[in-house]
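A look at the structure
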There are 2 protein chains.
Amino acid sequence: MARSATTLDAFAAIAEPRRREILGALAHGGGEQDVTWLVEELGWPQPQVSKHLGVLREVGLVSVVRKGRRRMYSVNGEELKPVYEWAKEFERFWENQLRRIKERAEGRGK
Amino acid sequence: MARSATTLDAFAAIAEPRRREILGALAHGGGEQDVTWLVEELGWPQPQVSKHLGVLREVGLVSVVRKGRRRMYSVNGEELKPVYEWAKEFERFWENQLRRIKERAEGRGK
DNA sequence: TTGACATATGCCCATATCGGAATATATTAA
DNA sequence: TTAATATATTCCGATATGGGCATATGTCAA
């Protein structure tokens, strides 16, 4: 047994830059977009787009609706909330950092 | 060429659950903690802890300070900000979802 | 039906990665 | 110097993963 059992969650899914690009494209593309639109928008080979969409689908980061012979994808942001919340827990760290820098710049920090 | 050139960034680093655990432990453990503390806190073999720390270090998610024969690690939250910001861009998605649910519950949504 | 279009899958290869165990390296104490 | 402590590194095996390409599947149009 190597590798922690393929934990396929949102964190793992968005680790891949391409997958983040897809989500970004969908988010900016308005409501729903089909695969062909994504392929043109991103300029990658279609199978690749479909595969990454597959991962995003498994994790629930995108939703699909069949529309005739095409499939309309849309972002399912709900699944991104855990990531947001988790990172937010560390907010105080970068805030502290900023405060410290600011204080130093103002000449009152140590 | 397979696999997108080992993009070693914060996103990739936190994809690993163990690494998130380490960050969490460090965050709750107060300022700095040494490796031994982490090993006891997490209950994992020491090499494993060191290896994951190595990745976090490379990405800049933790800082190290040598203190005698031990190394004090601390969270460098700054590096987590991009993740937070990125996820935040999708905030409207889960907010919409919540609003929709809420509206439905209140009997005024469609 | 048949053919064109849209999308998903399967297969293969190269490589990254995790866990485990042993060991190297550094530093303090005796 | 030598032993002990603290931590990092290396080697290994198993496995997951991404890209490329070919192809299967599904759906509409003629």
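These remarks concern the structure in this document. What you are looking at is a predicted structure, and each value in this text was computed from that prediction instead of being measured. (Residues numbered from 1 in each chain as written. Chains lettered and ligands numbered in written order. Predicted model: local features only at pLDDT ≥ 70, side-chain atom pairs only at ≥ 80, totals over all residues. Heavy atoms only, no water.)

Here the focus is the environment of A:Val59. Residues and elements named next belong to chain A. Note on placement: valine 59 falls in helix 4 (residues 46-59). For valine 59, a relative accessible area of 10% puts it in the buried group. Distance in space between the C-alpha atoms of valine 59 and asparagine 76 is 10.0 Å, their sequence separation being 17 residues. Residues within four places of valine 59 in sequence aside, it is in contact with Leu8, Asp9, Ala10, Ala13 and Glu79. (Helix = DSSP H or I, 4+ residues; strand = E, 2+ residues; numbered from the N terminus. Buried < 20%, exposed > 50% of the residue type's maximum accessible area, 1.4 Å probe, protein only. Contact = heavy atoms within 4.5 Å.)

Taken together, the contacts link 33 residues of chain B with 33 residues of chain A. A buried area of about 2,900 Å², summed over both sides, lies between chain B and chain A, and 67% of it is on carbon and sulfur atoms. For chain B, the biggest contributors to the area lost against chain A are B:Tyr84, B:Trp86 and B:Trp94; these three give 23% of the whole. Here chain B is connected to chain A by six residue pairs in polar contact (both at pLDDT 80 or more). At the level of elements, helix 1 (10-13), helix 2 (17-28), helix 5 (81-88) and helix 6 (91-105) of chain B are the ones that each hand at least two residues to the side of chain B that touches chain A. The residue makeup of the side of chain B that touches chain A, split by class, is 17 nonpolar, six polar and 10 charged. (Buried area = accessible area lost by both parts, 1.4 Å probe. Polar contact = N/O pair within 3.5 Å; in protein donor to acceptor, adjacent residues only side chain to side chain. Nonpolar A, V, L, I, M, F, W, Y, C, P; charged D, E, K, R; others polar.)

For the rest of this paragraph, the subject is the protein's contact with DNA strand D. If you check the shell around DNA strand D, you find 28 residues, and the closest are A:Gln48, A:Lys51, B:Thr36, B:Ser50 and B:Tyr73. Sugar and phosphate atoms constitute 70% of the interface atoms of DNA strand D, taking the interface as everything within 4 Å of the protein. Contacts to DNA strand D include A:His52, whose side-chain N or O atom sits 2.8 Å from a phosphate oxygen. The greatest single-element share of the surface near DNA strand D, amounting to five residues, is contributed by helix 4 (residues 46-59) of chain B. Residues of the surface near DNA strand D, tallied by class, amount to seven nonpolar, seven polar and 14 charged. (Near = heavy atom within 4 Å.)

A:Thr36, A:Ser50, A:Tyr73, B:Gln48 and B:Lys51 are the nearest of the 28 residues found near DNA strand C. The side chain of A:Lys51 places a nitrogen or oxygen atom 3.1 Å from a base oxygen of DNA strand C. Residue B:Arg66 places a side-chain N or O atom 3.3 Å away from a phosphate oxygen belonging to DNA strand C. Of all the elements in the fold, those that place two or more residues in the surface near DNA strand C are helix 3 (35-42), helix 4 and strand 3 (70-75) of chain A together with helix 2 and helix 4 of chain B. For the surface near DNA strand C, the element with the highest residue contribution is helix 4 of chain A, accounting for five residues. Of the residues in the surface near DNA strand C, the class split is seven nonpolar, seven polar and 14 charged.

Attention shifts here to the packing of helix 5 (residues 81-88) of chain A against helix 5 of chain B. Where helix 5 of chain A meets helix 5 of chain B, the axes come as close as 9 Å, and the angle between the chain directions of the two elements is 145 degrees. Like other packed secondary-structure pairs, helix 5 of chain A and helix 5 of chain B cross with a definite hand, here left-handed. When helix 5 of chain A is examined against helix 5 of chain B, the residues A:Val83, A:Tyr84, A:Ala87 and A:Lys88 are found in contact with a partner set consisting of B:Val83, B:Tyr84, B:Ala87 and B:Lys88. Considering only residue class, the contact of helix 5 of chain A with helix 5 of chain B consists of six nonpolar, no polar and two charged. (Axes fitted to C-alpha atoms, helices over the stretch in contact; angles between N-to-C directions. Left-handed = near helix turned anticlockwise from the far one by under 90°.)

Residues and elements named next belong to chain B. With 14 residues, helix 4 ought to run about 20 Å at 1.5 Å a step, and its terminal C-alpha atoms sit 20 Å apart, in line with that. Taken residue by residue, helix 4 has Val49, His52, Leu53, Gly54, Val55, Leu56 and Val59 as its buried positions. On its buried side, helix 4 packs onto helix 1, helix 2, helix 3 (35-42), strand 2 (62-67) and strand 3 (70-75). Glycine 60 sits one or two residues past helix 4 and shows a positive phi near 90 degrees. (Expected span 1.5 Å × (residues − 1).)

For the rest of this paragraph, the subject is the packing of aromatic side chains. A complete count under the given rule lists nine aromatic pairs over all chains for this structure. Ring pairs connect the aromatic residues A:Phe11, A:Trp86, A:Phe90 and A:Phe93, which therefore count as one cluster. Positioned over the ring face of B:Phe11 is A:Arg20, at 3.8 Å from the centre of the ring. We note B:Arg18 situated over the ring of B:Trp44; from NZ or CZ to the ring centre the distance is 4.9 Å. (Phe/Tyr/Trp six-rings, centres within 6.5 Å; stacked < 30°, edge-to-face > 60°. Lys NZ or Arg CZ within 6 Å of the ring centre and 35° of its normal.)

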